[in-house]
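Listed below are the residues making up each chain.
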Amino acid sequence: MHKDESMAAHDLAKQLADPSISSILFFSSASYNLAKLAYELNQVFPDTPLSGCTTAGEITPNGYSKGSITAIGFSKDSFCVRIGAVKDLKNFTLGDAQSMVEKLRGECNPDLKHAESFAITLVDGLAIDEEIFLVTLNSALGSTPSFGGSAGDDVNLANTHVFFDGEFHDNAAVVLLITTPYQFEVFSTHHLQPTETKLIVTEADHDGRLVSELNAEPAAIEYANTLEVSLSELSNDLCTLNPLAVKLGDSYYIRSIQSIEADQSLKFFCAMESGIVLTKMEPSDLIENLENTFDALEKRIGEPQLVIGCDCFLRRREAEVRNIESEISDLMRAHQVIGLNTYGEQLSGMHINQTFTAVAIGKRRRDE
């Protein structure tokens, strides 16, 4: 993919020249000049609604990529795509959510027979408002399955953006309601297994996603002790390979550590509260988990024509550390995955970490 914004946009336009395409979803590296990229995309797709976000890495038809842009064009013959914009995450109310969802549903193409809908959410990954936004939106979506990702910025953790109405925005989100007669399944998977080690959050700053105490000890020191390393040996890669999780029912939901702070607190990618019991997790085989997940999906809905995937950037980092990135990339390519590496994933109103969360769209229609 071209590094020049104009050339990248024109290359996409050539690949998505099908006149039946009525909506385009794209995922872009933040290394582009975003104002110029927005201008160029609007020039080459003047009459086609565009939505998307910046990434912490891209998943293209050729597998993993960085510093690129990838996109999906939806045919009006098989997909009705309606786009909702949330311009202010902090002040998004249940009334706003209900009005948006009602409007999106009302605009759906009635000519698509035997069709069902799912929603995709793309959120500013550094706004620290994913949780309340997702809970609010999920209340309005009801039984409509939803998934999505938090926008990235090439792992700079500085500025993340979503795209709608012809521009990139921060402190914002975009919601796509996609209706199709093709069979589909929204799913999430991870390869992390619980250990017997438990840590209680005894002091936390919910708004800042900071944990200052675990088991009534300085958080970073106590966490390092569970890994049997010194504080000076604690690194971001060790945190990636040994994440913590909260158990809800029979499932474990990862709470990934974003950074080790100078005051020995730990900053997380998800909201944290005092009193939460965290379980130390350990990785199993990342490749085997993905292979089993895709195999099971294909048994249910057949070979997918497309998987729109939100793959946590920490999973990609683990693949790099373990020198299996090319194998994971090959799996993504083989199973028609297009998407992004995220700063967090979203599933049915929950904000989660270190997962591969996606929708698989099969080749069979529901009436076949």
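Here the structure is shown first, and the text comes after it.
First, a word on scope: everything that follows refers to the structure included in this document. (Residues numbered from 1 in each chain as written. Predicted model: local features only at pLDDT ≥ 70, side-chain atom pairs only at ≥ 80, totals over all residues. Heavy atoms only, no water.)

## Thoughts on the overall build of the protein chain
Looking only at helices and strands, the protein chain has nine helices and 25 strands in total. Principal axes of the C-alpha set define a box for the protein chain whose edges measure 60 × 40 × 40 Å. Relative to its full complement of 368 residues, the protein chain shows a buried share of 56%. Here the analysis covers contacts within the protein chain between residues at least 6 apart in sequence; of these, 82% occur between residues at least 24 apart. Summed over all atoms, the accessible surface of the protein chain reaches about 15100 Å², with 45% contributed by carbon and sulfur. (Helix = DSSP H or I, 4+ residues; strand = E, 2+ residues; numbered from the N terminus. Buried < 20%, exposed > 50% of the residue type's maximum accessible area, 1.4 Å probe, protein only. Contact = heavy atoms within 4.5 Å. Areas by Shrake-Rupley, 256 points an atom, 1.4 Å probe, with all protein chains shown as cover.)

## What about helix 4 (residues 130-141)?
Taking 1.5 Å of rise per residue, twelve residues should cover 16 Å, and helix 4 covers 16 Å from first to last C-alpha, within 8% of that figure. When helix 4 is considered as a whole, its buried residues turn out to be Glu130, Phe133, Leu134, Thr136, Leu137, Ala140 and Leu141. Angularly, the buried residues of helix 4 cover 165° about the axis, an arc narrow enough to put them on a single face. The exposed residues of helix 4 that point more than 90 degrees off its buried face are Ile132 and Ser139. Gly142, located one to two residues past helix 4, shows a positive phi value of around 65°. (Expected span 1.5 Å × (residues − 1). Arc of directions from axis to C-beta.)

## Focus on the packing of aromatic side chains
Tallying each qualifying case throughout the model produces twelve aromatic pairs. Ring pairing ties together the aromatic residues Phe26, Phe163 and Phe168, which thus form one cluster. The residue whose ring lies beneath Arg366 is Phe184, and the NZ or CZ to ring-centre distance is 5.0 Å. (Phe/Tyr/Trp six-rings, centres within 6.5 Å; stacked < 30°, edge-to-face > 60°. Lys NZ or Arg CZ within 6 Å of the ring centre and 35° of its normal.)

## Comments concerning the side chain of Ser51
In this fold, Ser51 is placed in strand 2 (residues 50-55). Residue class for Ser51 comes out buried when judged on its relative accessible area of 0%. Excluding anything up to four places from it in sequence, Ser51 contacts Ile24, Leu25, Phe26, Ile83, Phe163, Val174 and Leu176.

## A short note on the nonpolar core
Membership of the largest hydrophobic core comes to 32 residues, with the highest contact counts inside it found for Leu25, Phe118, Ile120, Phe147 and Ile308. If we ignore the near neighbours within four places in the chain, the residues touching Ile308 are Leu25, Phe27, Ile72, Phe74, Ile120, Phe147, Ile338, Thr357, Ala358 and Val359. By size, the runner-up hydrophobic cluster in this structure holds 20 residues, among which are Ile24, Tyr32, Leu34 and Leu37. (Core = buried A, V, L, I, M, F, W, Y, C linked by side-chain atoms within 4.5 Å.)

## Let's talk about empty space enclosed by the protein
According to the stated counting rule, one finds one cavity of 30 Å³ or more in the structure shown. Of the pockets and cavities examined, the largest cavity occupies roughly 50 Å³. Residue lining of the largest cavity: Thr121, Leu134, Leu137, Asn138, Leu141, Ser146, Phe147, Gln346, Leu347, Ser348 and Gly349, and that is the complete set. Elements that contribute at least two residues to the lining of the largest cavity include exactly helix 4, strand 8 (146-150) and strand 23 (345-347). Counting residues per element, the lining of the largest cavity draws most heavily on helix 4, at four residues. Residues that form the lining of the largest cavity fall into these classes: five nonpolar, six polar and no charged. (1 Å grid on protein atoms, 1.4 Å probe; cavity = no way out; pocket = protein on both sides within 12 Å on 5 of 7 lines; lining within 4 Å. Points joined across faces, edges and corners; volume = space filled by probe spheres on them. Nonpolar A, V, L, I, M, F, W, Y, C, P; charged D, E, K, R; others polar.)

## Quick look at the packing of helix 3 (residues 94-106) against helix 4
As a packed pair, helix 3 and helix 4 sit with axes 8 Å apart at the nearest point and diverge in direction by 45°. Relative to helix 4, helix 3 is oriented oblique. The chirality of how helix 3 crosses helix 4 is right-handed. Of the residues in helix 4, those touching helix 3 at Leu94, Ala97, Gln98, Val101 and Arg105 are Thr136, Leu137, Ser139, Ala140 and Leu141. (Axes fitted to C-alpha atoms, helices over the stretch in contact; angles between N-to-C directions. Parallel < 35°, antiparallel > 145°, perpendicular 65-115°, else oblique. Left-handed = near helix turned anticlockwise from the far one by under 90°.)

## Description of the pattern of salt bridges
Within the structure shown, the criterion is met by 17 salt bridges. The salt bridge partner of Glu320 is Lys66, with a shortest N-O separation of 3.0 Å. Taken together, the positions of Glu320 in helix 8 (residues 313-321) and Lys66 in the loop between strand 4 (63-65) and strand 5 (69-75) put the pair 254 residues apart, joining distant regions of the chain. According to the relative accessible area criterion, Glu320 is partly exposed, its value standing at 25%. By relative accessible area, which is 48% here, Lys66 ends up partly exposed. Taking the shortest distance from any N to any O, the salt bridge between Glu325 and Arg316 comes out at 3.0 Å. Looking at Arg316, the relative accessible area reads 5%, which means it is buried. Through salt bridges with shared partners, a single network forms among Lys66, Asp237, Arg317 and Glu320. (Salt bridge = Lys/Arg side-chain N within 4 Å of Asp/Glu carboxyl O.)

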